Amino acid sequence: MWSPKLLNRLPAGKFRLSLIDKQMAVSAAKAISIPDNATVIEINSGLGFLTHALLKHTNAKKIIALDNDQECVENLMQLAEESSGRLEVTQAENNIVSKFASNKLEVICSWLQKEKLADIQVYPWEEVHPSLISIFHLPDKMNGDYLLNQIMQDFYNRSGFQTYGRVRTNVFMPAYLYEKNMAMLGDIKRCKQGVVMESLANIDILRMIPERAYTPKSINVLLSLTPQVQPKLKAQLDVFEYVLRHVLSKKTVPLCDIMSTLGAGAESLTKNLSFDSRVPVKDLKVEQFIELAQIFEQWPFRPVNLHVAFNENYKRRRRN
């Protein structure tokens, strides 16, 4: 009978964020609602508690668990031996899983598509894929933001797992990330990534998971993210992110007073908006952010290289 022996020798507070409660793992597995005979991809499996619950409490045909930690992979291999071939365990090389600078999620998806998902059928975008589900355990703080950003890029581009159709994506999100990315209209914590999520994904909150269920102790939230059939976002994603970075840098300031950070003369764009530009940035609706991005995208004087332009502006603000 499998048991996570690695848990008994974890240095206190030294191991990365990982689920360690069997009861909560079972509750989470049931909340995800895995269809019979589905293929489930679990990224950052960690100690394997959710993997175990998926095996024992769902009728998934295949579970593919990825992790970059050698000891975690060995622990999961023991579980795979009891799975009658349903569990496949893979160690992601070169820290692909946990360090998501650059687009290393694309590397993972490409490898899986080639090596593990050759038999997965492609479904029309109008349908939610009935037999392919992905699960991500987000790292805390910055690495979690990187991974979430890349998931949203796949939603927008219909790339990665989304090449098979609208694949339901479940994320275990630490409280820090949840508070930022799920901040509502008017909340000072509202951030770029949260607005992007609202523009591209249908979001369902499945479970709040108490801090005792994790090591180190941390409240987490299980979310289900599904790409919208017709996303609200109409501008290019890089343009939208550029606009959001700049205007959300001063959330309590009226939009009209921060437009100049988008580029010299950008304040003239306010006359093209269908809403009052004197509204504080934190109170803008997602549709208003999108409208602003569309107008900015058509502006002939906008910066050509948006990434460089943002970095230069940011450095200049810091020097001042």
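- Under an unreviewed UniProt entry, the chain has the name rRNA adenine N(6)-methyltransferase and belongs to Gigaspora margarita.
- The record held by UniProt for the chain lists under Subcellular location (unreviewed entry) the comment "Mitochondrion".
- Comment text from UniProt for the chain, heading Function (unreviewed entry), reads "Mitochondrial transcription factor that confers selective promoter recognition on the core subunit of the yeast mitochondrial RNA polymerase. Interacts with DNA in a non-specific manner."

## Digging into the overall build of the chain
Here is step 1 of the chain: Tallying secondary structure elements over the chain gives ten helices and nine strands in all.
Here is step 2 of the chain: Contacts spanning at least 24 positions in sequence make up 73% of the contacts within the chain whose residues lie at least 6 apart.
Here is step 3 of the chain: For the chain, the exposed surface amounts to about 14900 Å²; the carbon and sulfur share of it is 49%.

## Some points on the confidence of the model for the chain
Here is step 1 of the chain: In the predicted model, the chain carries a mean pLDDT of 89, and 88% of its residues have values of at least 70.
Here is step 2 of the chain: With pLDDT under 50 throughout, residues 94-102 is counted as low confidence; its partners more than four residues away or in other chains account for 25 contacts.
Here is step 3 of the chain: For residues 309-320, every residue scores under 50 in pLDDT, and the model assigns this stretch ten contacts once sequence neighbours within four places are set aside.

## Side note on unusual backbone geometry
Here is step 1 of the chain: For the bond from Thr-215 to Pro-216, the omega torsion is -15°, close enough to zero to count as cis.
Here is step 2 of the chain: With respect to the helices and strands, the residue Pro-216 is situated in the loop between β8 (214-215) and β9 (220-227).
Here is step 3 of the chain: A positive phi is found at Asn-37, a non-glycine position, where the angle reads about 65°.
Here is step 4 of the chain: Its place among the elements puts Asn-37 in the loop between α1 (22-32) and β2 (39-43).
Here is step 5 of the chain: In this model, Ser-84 sits at a positive phi of 55°, which is unusual for a non-glycine residue.
Here is step 6 of the chain: Along the chain, the position of Ser-84 falls in the loop between α3 (70-81) and β4 (87-91).
Here is step 7 of the chain: Under the relative-accessibility criterion, Ser-84 is labelled exposed at 75%.

## What to know about the sheet that holds strand β3 (residues 62-67)
Here is step 1 of the chain: Across the sheet, seven strands lie side by side as β4-β3-β2-β5-β6-β9-β7; this open sheet has mixed pairing. Each having just a single partner strand, β4 and β7 (201-209) make up the two edges of the open sheet. Geometrically, the sheet is characterised by an average inter-axis angle of 20° between neighbouring strands, direction not taken into account.
Here is step 2 of the chain: Pairing analysis gives eight bridges linking β7 to β9, with the strands arranged antiparallel. Among the inter-strand pairings, Ala-201 is bridged to a residue of β9, identified as Pro-227.
Here is step 3 of the chain: Against the sheet, helix α5 (residues 141-157) makes contact with β5 (128-137), β6 (166-174), β7 and β9, and its axis sits at roughly 20° relative to β9, the strand it touches most.

## Here's the deal with the packing of helix α4 (residues 104-115) against α5
Here is step 1 of the chain: Closest axis-to-axis distance for the α4/α5 pair is 9 Å, and the angle between their directions is 60°. Overall, the two elements α4 and α5 adopt an arrangement that is oblique. On α5, the residues that touch Lys-104, Leu-105 and Cys-109 of α4 are Leu-147, Gln-150, Ile-151 and Asp-154.
Here is step 2 of the chain: Looking at side-chain class alone, the contact of α4 with α5 contains four nonpolar, one polar and two charged residues.

## Some details on helix α7 (residues 192-200)
Here is step 1 of the chain: Within α7, eight of the nine residues are buried, which leaves the element mostly enclosed by the surrounding structure.
Here is step 2 of the chain: Taken residue by residue, α7 has Lys-192, Gln-193, Gly-194, Val-195, Val-196, Met-197, Ser-199 and Leu-200 as its buried positions.
Here is step 3 of the chain: Contact partners of the buried residues in α7: α5, α6 (175-181), β7, β9, α8 (237-247) and α9 (286-298).

## What about the UniProt feature "binding site: S-adenosyl-L-methionine" (unreviewed entry) in the chain?
Here is step 1 of the chain: Residues annotated by UniProt as "binding site: S-adenosyl-L-methionine" (unreviewed entry) correspond here to Leu-19 and Asp-67. Considering the C-alpha atoms alone, the annotated residues occupy 49 residues of sequence yet fold into one spot, their largest mutual distance being 13.8 Å.
Here is step 2 of the chain: Sequence-distant contacts of Leu-19, defined by excluding residues within four places in its chain, comprise Ala-25, Leu-47, Phe-49, Leu-50, Ile-209, Ala-213 and Tyr-214.
Here is step 3 of the chain: Relative to the elements of secondary structure, Asp-67 occurs in strand β3.
Here is step 4 of the chain: There is a polar contact of 2.8 Å between the side chain of Asp-67 and the backbone nitrogen of Gly-46.

Quick notes on the rules
Residues numbered from 1 in each chain as written. Predicted model: local features only at pLDDT ≥ 70, side-chain atom pairs only at ≥ 80, totals over all residues. Heavy atoms only, no water. UniProt positions renumbered as here; feature names shortened; annotations may be inferred. Helix = DSSP H or I, 4+ residues; strand = E, 2+ residues; numbered from the N terminus. Contact = heavy atoms within 4.5 Å. Areas by Shrake-Rupley, 256 points an atom, 1.4 Å probe, with all protein chains shown as cover. pLDDT = per-residue confidence, 0-100. Buried < 20%, exposed > 50% of the residue type's maximum accessible area, 1.4 Å probe, protein only. Pairing = 2+ DSSP bridges. Axes fitted to C-alpha atoms, helices over the stretch in contact; angles between N-to-C directions. Parallel < 35°, antiparallel > 145°, perpendicular 65-115°, else oblique. Nonpolar A, V, L, I, M, F, W, Y, C, P; charged D, E, K, R; others polar. Polar contact = N/O pair within 3.5 Å; in protein donor to acceptor, adjacent residues only side chain to side chain.

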